[in-house]
Amino acid sequence: MEYYNYLKSLHLIFVITWFAGLFYIVRLFVYQIEANDKPSPEKEILQKQYKIMTYRLWYIITWPSAILATVFALSLLHLNPAFIEMPWMQVKLVFVVLLFIYHFKCHSIYKELQNDEVKYTSNFMRLWNEGATIILFAVVFLVVLKNAFNWIYGVVGIFLFSIIIMLGFKIYKRIREKNKS
C-alpha cells in the first residue's frame, strides 16, 4: 500500500497544476478581451499572441492536469472505496462536479475567443476567475478538516468569502475606472 502515497502525491500535484491552469486561463481571457479594444495593429498582434498562449496553456497544462488529477483520484478511491461513504468526501465530490462544470464553461469561452467571439466583458471575466478560488477553498477545508468540519459554519464561511470577493471586485473596478479618468 506504499504506492498509495505516491498516487496521492501525484493527485495533489495535478490538482495544483489544474487550478493553476484555470486561474491563468481566465486572466488570459481578460487580456484577450481587453486587446479587442486596442487600435490596429496592436489589437491583431495581441490577439494572435493571446490565442497562442491560451491554446498552449489549455491543451498542454490545464486539460492534461484535469485528466490526470481525475485518473489518480479514481485510483485512490478504487484502493480505498470506504472514502465514498464519508460525508466530507460526498460534499467534496459535489465541489469536484462544480469544478468540472467551471472547467467546461472555461472551455466554451476559450473556443469562442479563439473564433474571435467576445461575449463577455473583461470585468465579468475578473469576477468569473473567483469561481475556481471559491471551489478551491471549499475543497481544501473539506479535505483538511474532514469530520471536524462544522458544515453550517463552513457554508456560511464560503458564502461570506464570496461576498468579500465580490465587494473587493467592485472596489477594484471603481479604482480602475477612477485611475482611467
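Structural data are supplied above this passage.
Residues numbered from 1 in each chain as written. Predicted model: local features only at pLDDT ≥ 70, side-chain atom pairs only at ≥ 80, totals over all residues. Heavy atoms only, no water.

J.: Looking at this model, I keep getting lost on the pattern of salt bridges. Mind explaining?
T.: Between side chains of opposite charge, pairing is possible as soon as their charged atoms come close. In the structure shown here, the tally under the stated rule is 5 salt bridges. Ionic pairing is found between Arg126 and Glu34, a salt bridge with its closest N-O pair at 2.8 Å. One end of the pair, Arg126, is in helix H4 (residues 122-145); the other, Glu34, is in helix H1 (residues 3-35), with 92 residues separating them in the sequence. Arg126 gets classed as buried once you look at its relative accessible area, which sits at 5%. (Salt bridge = Lys/Arg side-chain N within 4 Å of Asp/Glu carboxyl O. Helix = DSSP H or I, 4+ residues; strand = E, 2+ residues; numbered from the N terminus. Buried < 20%, exposed > 50% of the residue type's maximum accessible area, 1.4 Å probe, protein only.)

J.: Is there a simple way to explain helix H3 (residues 87-114) in this structure?
T.: For an α-helix the count is 3.6 residues per turn, leaving residues at separations of three or four pointing the same way. Taking 1.5 Å of rise per residue, the 28 residues of H3 would be expected to cover 40 Å, and the 41 Å separating its terminal C-alpha atoms lies within 8% of that figure. Positive backbone phi, at 60°, marks Asp116, one or two positions downstream of H3. (Expected span 1.5 Å × (residues − 1).)

J.: Got a minute to help me understand helix H2 (residues 42-79) in this structure?
T.: With 38 residues, H2 should reach 56 Å at 1.5 Å per residue; the first-to-last C-alpha distance of 53 Å fits that figure. Along H2, the helix axis deviates most sharply at Trp58, where the bend reaches about 35°. (Bend = angle between axes of the 7 residues up to and from the residue.)

J.: How should unusual backbone geometry be read in this particular structure?
T.: Glycine aside, negative phi is the norm for most residues, and most peptide bonds take the trans geometry. Omega for the peptide link from Ser40 to Pro41 comes to 0°, which places this bond in the cis form. Following the sequence through the fold, Pro41 ends up in the loop between H1 and H2. For Asp116, which is not glycine, the phi dihedral falls at a positive 60°. Along the chain, Asp116 falls in the loop between H3 and H4.

J.: Would you mind going over the side chain of Ser65 with me for this structure?
T.: Here Ser65 shows up in helix H2. On the basis of relative accessible area, Ser65 is assigned to the buried category, the value being 4%. At 2.6 Å, the side chain of Ser65 forms a polar contact with the backbone oxygen of Ile61. (Polar contact = N/O pair within 3.5 Å; in protein donor to acceptor, adjacent residues only side chain to side chain.)

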